[in-house]
Amino acid sequence: MKLAEGMAAGLVGLLFPPRCYLCGRELSELSPLCPECLAIIPRWDGPTCLVCGRPVEEGVDLCRDCATEGRPYAWARSLGPYEGELRRLIQALKYEGERALARPLGRLLADLISPRRTQSDRDLEIRNPCFSVASVVSLVTCVPADPARLRARGYHAAELLARVVARRLGLPFERLLKKLRSSPPQVGRPRRERLAALKGLFSARRPGRGEAVLLVDDVITTGATVSEAARALTEAGYGDVYVLACAHAVGKEG
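Note that the coordinates shown come from a computational prediction; the quantities given were computed from them, not determined experimentally.

When you look at the packing of aromatic side chains in this model, what are you seeing that I'm missing?
Aromatic ring pairs are reported here in terms of the distance separating the ring centres and the angle at which the planes meet. As enumerated under the stated definition, the model contains one aromatic pair in all. Ring centres of Trp 75 and Tyr 242 lie 5.3 Å apart, and the angle between their planes is 65°; this geometry places the pair in the edge-to-face category. You can see Trp 75 sitting in strand S1 (residues 75-81) and its partner Tyr 242 sitting in strand S6 (residues 241-248), a full 167 residues away along the chain. Given a relative accessible area of 5%, Trp 75 falls into the buried group. Lying across the ring of Trp 75, Arg 77 places its NZ or CZ 4.9 Å from the centre.

I would appreciate a short explanation of the nonpolar core in the present structure.
Side chains of a nonpolar character, in soluble globular proteins, are inclined to be buried together. If you look at the biggest cluster of nonpolar residues, it comprises 44 residues, and the most contacted ones within it are Leu 105, Ile 113, Val 140, Leu 169, Leu 214 and Val 216. Taken together, the elements giving at least two residues each to this core come down to S1, helix H4 (84-95), helix H5 (102-113), strand S2 (139-142), helix H8 (157-169), strand S5 (213-220) and S6. Sorting elements by how many residues they give to this core places H8 first, with seven residues. Apart from residues no more than four positions distant in its own chain, Leu 105 is found in contact with Leu 79, Leu 86, Leu 89, Leu 93, Leu 161 and Cys 246. Among the nonpolar cores identified, the runner-up in size contains 28 residues, and Cys 63, Val 226, Ala 229 and Ala 245 belong to it.

What is the right way to look at the packing of H5 against H8 in this model?
Helices that pack against each other are described as a pair by the angle of their axes relative to one another and the distance between those axes. At a minimum axis distance of 8 Å, the contact between H5 and H8 shows a crossing angle of 50°. Of the possible angle classes, the one that applies to H5 and H8 is oblique. Note that H5 runs across H8; the crossing there is right-handed. Counting all contacts with H5, which are made through Ala 102, Arg 103, Leu 105, Gly 106, Arg 107, Leu 109, Ala 110, Asp 111 and Ile 113, the residues of H8 involved are Leu 160, Leu 161, Val 164, Val 165, Arg 168 and Leu 169. For the contact of H5 with H8, the class distribution of residues is 10 nonpolar, one polar and four charged.

Mind showing me how you'd approach the environment of Pro 147 here?
Looking at where Pro 147 falls in the secondary structure, it is placed in helix H7 (residues 147-153). Measuring from C-alpha to C-alpha, the distance between Pro 147 and Lys 179 comes to 7.8 Å, with 32 residues separating the pair along the chain.

Help me understand the state of the cysteines in this model?
By definition, a disulfide links two cysteine residues through a covalent bond between their sulfur atoms. On inspection of all chains with the given rule, the structure shows zero disulfides. Just so you know, Cys 23 is unpaired, no disulfide at all, and the nearest cysteine sulfur is the one on Cys 20, 3.7 Å from it. Unpaired in terms of disulfides, Cys 37 finds its nearest cysteine sulfur in Cys 34, a separation of 3.6 Å. Judged by relative accessible area, Cys 37 falls into the buried class, the value being 7%.

I tried to follow the pattern of salt bridges on my own but got confused; where do I start?
A side chain of one charge can pair with a side chain of the opposite charge if their charged atoms are brought near each other. Under the counting rule described, the total for this entry stands at 13 salt bridges. Here Arg 19 makes a salt bridge to Glu 26, at a shortest N to O gap of 3.4 Å. Since its relative accessible area comes to 47%, Glu 26 is described here as partly exposed. Of the charged contacts in the structure, one is a salt bridge between Asp 111 and Arg 168, with a shortest N-O distance of 3.0 Å. A residue pair is termed long-range when its members are at least 10 positions apart, and Asp 111 in helix H5 and Arg 168 in helix H8 qualify at 57 residues. By relative accessible area, Asp 111 is classed as partly exposed at 28%. The class of Arg 168 is partly exposed, set by a relative accessible area of 38%. In the salt-bridge network here, residues are joined through shared partners; they are Glu 174, Arg 206, Arg 209 and Glu 211.

Looking at this model, I keep getting lost on the side chain of Lys 94. Mind explaining?
Topologically, Lys 94 is positioned in helix H4. Not counting chain neighbours up to four residues away, the residues in contact with Lys 94 comprise Arg 153, Tyr 155, Ala 157 and Asp 218.

Looking at this model, I keep getting lost on the sheet that holds S2. Mind explaining?
Two strands in a sheet stick together by hydrogen bonds in their backbones, pointing the same way (parallel) or opposite ways (antiparallel). What the four strands build is an open sheet, ordered S1-S6-S5-S2; its pairing is parallel. Both edges of this open sheet fall to S1 and S2, since each of them pairs with a single strand only. Across the sheet, the mean angle from the axis of one strand to that of its neighbour is 20°, orientation sign disregarded. As judged from the six bridges shared by S1 and S6, these two strands associate in the parallel manner. Residue pairing for S6: Ala 76 is matched across the bridge by Val 243. Lying over the sheet, H5 contacts S1, S5 and S6, oriented at roughly 130° with respect to S1.

What counts as what
- Residues numbered from 1 in each chain as written.
- Predicted model: local features only at pLDDT ≥ 70, side-chain atom pairs only at ≥ 80, totals over all residues.
- Heavy atoms only, no water.
- Phe/Tyr/Trp six-rings, centres within 6.5 Å; stacked < 30°, edge-to-face > 60°.
- Helix = DSSP H or I, 4+ residues; strand = E, 2+ residues; numbered from the N terminus.
- Buried < 20%, exposed > 50% of the residue type's maximum accessible area, 1.4 Å probe, protein only.
- Lys NZ or Arg CZ within 6 Å of the ring centre and 35° of its normal.
- Core = buried A, V, L, I, M, F, W, Y, C linked by side-chain atoms within 4.5 Å.
- Contact = heavy atoms within 4.5 Å.
- Axes fitted to C-alpha atoms, helices over the stretch in contact; angles between N-to-C directions.
- Parallel < 35°, antiparallel > 145°, perpendicular 65-115°, else oblique.
- Left-handed = near helix turned anticlockwise from the far one by under 90°.
- Nonpolar A, V, L, I, M, F, W, Y, C, P; charged D, E, K, R; others polar.
- Disulfide = S-S within 2.5 Å.
- Salt bridge = Lys/Arg side-chain N within 4 Å of Asp/Glu carboxyl O.
- Pairing = 2+ DSSP bridges.

Right, dumping it as structure tokens:
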């Protein structure tokens, strides 16, 4: 069966050579993005908050929100701002059925916390603690899907990303959370309203035993969703929760 599937994939590749999703360039391997387009994906290029990962001014460790209120997660990190090519890729993955985009995005996420190190990287690891997370987490999970949206789309973008991250890091993936009810669209709502609407939205499928967990999502907007998911995990007995997302919406409260 696997041999037949491989032959079929090879035939399709010969008849319809893969092309880069962003620029349309013909590719020599089965990949949805060319190296040049991967290189221009927006990234954070300045200092970021040590907790939520949003941009901060030079010399500042914490953003205003993280300095004044606690977070239910240890930290959150993302590739870059939710704009430009990164926004386009995430929307294509979530809404246009471009599931293959989870592979390069998931690999970038895994490499964000487990880069290929050299001897000279040790100082960078000390200054950027996210580099050591891959060695302390035991499980990878994702923010659970809304059941109605999952039925409509047939897949869950965050889970696709999380599974790629888990494979890349050599860690098990498990659906640790379930969504207890449908939630109304949260776009445009202030963070306080989101927190109130999402309270008690998730529960753990099984109790934890103190394991550190890597929680994956596609986009962090205000942070209310990942905060509620992290809270559900810690209340169920899991240890530190680290949040990883493709993008973080800039200009939003944590």
